[in-house]
Amino acid sequence: DDYCIVPPEIKSKDEKLLKENLSVNLIKSHLAETELAGIFGSGNSYGMILSSLCGKKEIDGVKKYTNVLVLEGKYNAYGNLILLNDNGCLISEYLAPQKEQIADFLGLKTSIYSISGLSIGALGYATKKGCITGKFASKADIENIQSVLKVKTDIGTLNFSSSFIRSGIIAN
């Protein structure tokens, strides 16, 4: 991917570290007036899906770097509800009404999926190189994720055994 959203208050040493290790442009912005960019947005190298809770200035800032789809709806924590890379997209059943809109925007096969009844986005993180998901994933879940995202997928945890991978990961 080409970009990473970071809070405007990022320390210069952290900014330098991210630029060097991820080789991306940094978009200094809040999303939904919070520092929780990973919750209110989800994207790949084609574009970013943002919550309608995001303000015009926040949306316009992201549009300088990538295509943007702003979704309306009752559920808006798209980072927790979507697991995607450049090959495929898995969405929570809560986004079923927006499935075609998401698929059309990304130009990707988009499937509704959950792991143990939990939202797919919160439990995993995917890139062009691989995917990691939490310990609730079964062997069948791993195979299904791999078939849609077309990358090796494995199970892992973070922060003392949390299965909510997205809450503490940054990857490119």
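Preceding block: the structure.
What counts and what doesn't
- Residues numbered from 1 in each chain as written.
- Predicted model: local features only at pLDDT ≥ 70, side-chain atom pairs only at ≥ 80, totals over all residues.
- Heavy atoms only, no water.
- Salt bridge = Lys/Arg side-chain N within 4 Å of Asp/Glu carboxyl O.
- Helix = DSSP H or I, 4+ residues; strand = E, 2+ residues; numbered from the N terminus.
- Buried < 20%, exposed > 50% of the residue type's maximum accessible area, 1.4 Å probe, protein only.
- Pairing = 2+ DSSP bridges.
- Right-handed = clockwise from strand over helix to strand, strands pointing away.
- Axes fitted to C-alpha atoms, helices over the stretch in contact; angles between N-to-C directions.
- Contact = heavy atoms within 4.5 Å.

Details of the pattern of salt bridges
Considering all chains together, one arrives at 5 salt bridges under this definition. Between E20 and K16 there is a salt bridge, with its nearest N and O atoms 3.9 Å apart. In this pair, E20 and K16 are both assigned in helix α1 (residues 12–22), 4 residues apart and thus about one turn of the helix distant. Here E20 and K16 have matching classes, each one exposed. In this structure, the salt-bridge partner of D86 is K128, at a minimum N-O distance of 3.9 Å. Within this pair, whereas D86 is found in the loop between β6 (82–84) and β7 (89–91), its partner K128 is found in the loop between β11 (124–126) and β12 (131–133), the two being separated by 42 residues in sequence.

Structural notes on unusual backbone geometry
Unlike most non-glycine residues, A32 shows phi in positive territory, near 55°. Note that A32 resides in the loop between β2 (25–28) and α2 (37–40). Look at S116: it is not a glycine, yet its phi comes out positive at around 50°. Within the secondary structure layout, S116 lies in the loop between β9 (114–115) and β10 (118–119).

Describing the pairing of strand β5 (residues 67–71)
With 5 bridges joining them, strand β4 (residues 47–51) and β5 adopt parallel strand pairing. Residue pairing across strands places I49 opposite L69, the latter belonging to β5. After leaving β4, the chain enters helix α3 (residues 56–63) and then returns to the sheet as β5, a path that is right-handed.

Overview of the sheet that holds strand β8 (residues 110–112)
Strands sit in the order β6-β7-β8 across an open sheet of 3 strands; the sheet is mixed. In the strand order of this sheet, the two ends are held by β6 and β8, each with one partner. Strand-to-strand twist in this sheet, taken as the mean axis angle between neighbours without regard to direction, amounts to 20°. Inspection of the sheet shows β6 paired to β7 by 3 bridges, in the antiparallel sense. Looking at β7, one finds that L83 is bridged to L90. Each of β6, β7 and β8 is contacted by helix α5 (residues 99–106), which is oriented at about 150° to β8, the strand it contacts most. Helix-sheet contacts for helix α6 (residues 139–149) involve β6, β7 and β8, and the interaxial angle to β7 is about 130°.

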